[in-house]
There are 2 protein chains.
Amino acid sequence: MTRRTGRRPGNPDTREAILDAARTAFAERGFDAASIRAIAATAGVDPALVHHYFGSKDQLFLAAMNAPIDPGEMVPKVLLGDPDGTGERLVRAFLAVWDSPAGAAAQALLRSAVSNEWTARLLREFVTTQVLRRVLENLDVDPGQLPLRGSLVATQMIGLAMMRHVVRLEPVASADPEVLVAAIGPTIQRYLTGPLPT
Amino acid sequence: MTRRTGRRPGNPDTREAILDAARTAFAERGFDAASIRAIAATAGVDPALVHHYFGSKDQLFLAAMNAPIDPGEMVPKVLLGDPDGTGERLVRAFLAVWDSPAGAAAQALLRSAVSNEWTARLLREFVTTQVLRRVLENLDVDPGQLPLRGSLVATQMIGLAMMRHVVRLEPVASADPEVLVAAIGPTIQRYLTGPLPT
């Protein structure tokens, strides 16, 4: 085991109580309305302890849902570069996560969301507030269209994950990532910045 | 209850034995390699009885997986009309099924496919042999590209179903079907007939 420095893992029971309270709060109230103060109260700890263990509300959310990646790190890299290539870069980054060892955790999350309404809510909050919001706030498009654009992107991405990794439909299941980037990138690009029905 | 004429439902135990044998055969060997003769042998009945109860192999397959629709009836309607509108018509027909009472059965199938490898195989066979094959054999494109085109269509369609009906991400979850037809139709059209990476 590597030795962790800085923030300590803390008492496992306390951590678990905080994560339980966080899952409930995020699923019931949504990410934006859930407060660290209320989560701490439910877990019977001081809010400062929540910050001490988990850092920001974003970090607490990622820990609560066992997120395989931190979109706060990934998304800025996707946004760097030619705006017309954002679609392809998003598909490439998405496949890199799903095809990596972290993909197993992502798959588990997807499977759980399908059978469990609470995990579905957490997944919805994750997609919306952690991924799409970060991507969309950097686009030069009508703000009123952002929710539709974001959820269209989500339909194509989650369907790609489903067919490649869960249903395993060939040739998508075994295709070289760059074939999928070239085929699906333009779809994502159109959903992000192309003309949409009004 | 309405009175059924023509083919009778038959002995429920025998029907169930045939359907069990069919599910096993279709999942293990795939639709094309599974034979009515072998399914009948596993169920301990005469092949003629399988035909008598279920009609064709297609019909037996649809019954075995509780398919909410018969693509053999739906797909020809989608293919009628302007070839450039096939994508939109496919999205419209797909949403009409999922938004109808039959959508509950489709959702159950999707949920089951995510947690059960055997249902995933049946779903894969269904999508490939009952839906995509019928659509693709009518397209005027390079036959070598048909499998990739078909599975790309499947990624977008299954993702639309997931986000609209399972994860229920807004605004896709509540959008007017025609908004989704206009937004997603061109994606399906490009996957069907547009230029693809080679």
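Bear in mind that the values here come from a model prediction, so they are computed numbers and not experimental data.

Draft legend 1. Expanded view of the interface of chain B and chain A. With 41 residues of chain B in contact, the opposing surface of chain A contributes 41 residues. Across the chain B/chain A interface, buried area totals approximately 3,300 Å², and carbon plus sulfur atoms make up 72% of it. Counting every contact that joins chain B to chain A gives two salt bridges. With a closest N to O distance of 3.7 Å, Arg168 of chain B and Glu117 of chain A form a salt bridge. In this structure, the connection of chain B to chain A is made through 14 residue pairs in polar contact (both at pLDDT 80 or more). For the side of chain B that touches chain A, the secondary structure elements donating two or more residues are α7 (103-115), α8 (117-136), α9 (146-166) and α10 (177-193) of chain B.

Draft legend 2. Inspection of the nonpolar core at higher detail. Membership of the largest hydrophobic core comes to 145 residues, with the highest contact counts inside it found for Leu60 of chain A together with Phe26 and Leu60 of chain B. Leaving out residues up to four positions away in the same chain, Leu60 of chain A has contacts with Ile18, Leu19, Ala22, Phe26, Ile36, Ile39, Val50 and Phe54 of chain A.

Draft legend 3. Broad picture of α10 of chain B. Here α10 of chain B is 17 residues long and its end C-alpha atoms lie 23 Å apart, about the 24 Å a rise of 1.5 Å per residue gives. By the largest-angle criterion, Ile184 of chain B marks the main kink of α10 of chain B, which is about 40 degrees, and a proline, Pro186 of chain B, follows within four residues. Within α10 of chain B the residues assigned to the buried category are Leu180, Val181, Ala183, Ile184, Gly185, Thr187, Ile188, Gln189, Tyr191 and Leu192 of chain B. Where α10 of chain B is buried, its residues touch α9 (146-166) and α10 (177-193) of chain A together with α6 (86-98), α8 and α9 of chain B.

Draft legend 4. Expanded view of the confidence of the model for chain A. Residues and elements named next belong to chain A. Per-residue confidence for chain A averages 88 on the pLDDT scale, and 94% of its residues sit at or above 70. Ranking the helices and strands of chain A by mean pLDDT puts α10 first, with 96, and helix α7 (residues 103-115) last, with 84. Interface confidence for the predicted complex, given as ipTM, is 0.83, next to a pTM of 0.84.

Draft legend 5. Inspection of the relation of the copies chain B and chain A at higher detail. Of the transformation placing chain B onto chain A, the axial shift is 0.0 Å and the rotation is 180 degrees, giving an RMSD of 0.0 Å. Taken together, the turn and the small shift mark the pair as related by a two-fold rotation axis. If distances are taken from each C-alpha of chain B to the rotation axis, the shortest is found for Gly159 of chain B, at 1.8 Å.

Conventions used here
- Residues numbered from 1 in each chain as written.
- Chains lettered and ligands numbered in written order.
- Predicted model: local features only at pLDDT ≥ 70, side-chain atom pairs only at ≥ 80, totals over all residues.
- Heavy atoms only, no water.
- Contact = heavy atoms within 4.5 Å.
- Buried area = accessible area lost by both parts, 1.4 Å probe.
- Salt bridge = Lys/Arg side-chain N within 4 Å of Asp/Glu carboxyl O.
- Polar contact = N/O pair within 3.5 Å; in protein donor to acceptor, adjacent residues only side chain to side chain.
- Helix = DSSP H or I, 4+ residues; strand = E, 2+ residues; numbered from the N terminus.
- Core = buried A, V, L, I, M, F, W, Y, C linked by side-chain atoms within 4.5 Å.
- Buried < 20%, exposed > 50% of the residue type's maximum accessible area, 1.4 Å probe, protein only.
- Expected span 1.5 Å × (residues − 1).
- Bend = angle between axes of the 7 residues up to and from the residue.
- pLDDT = per-residue confidence, 0-100.
- Least-squares fit on C-alpha atoms with pLDDT ≥ 70 in both.

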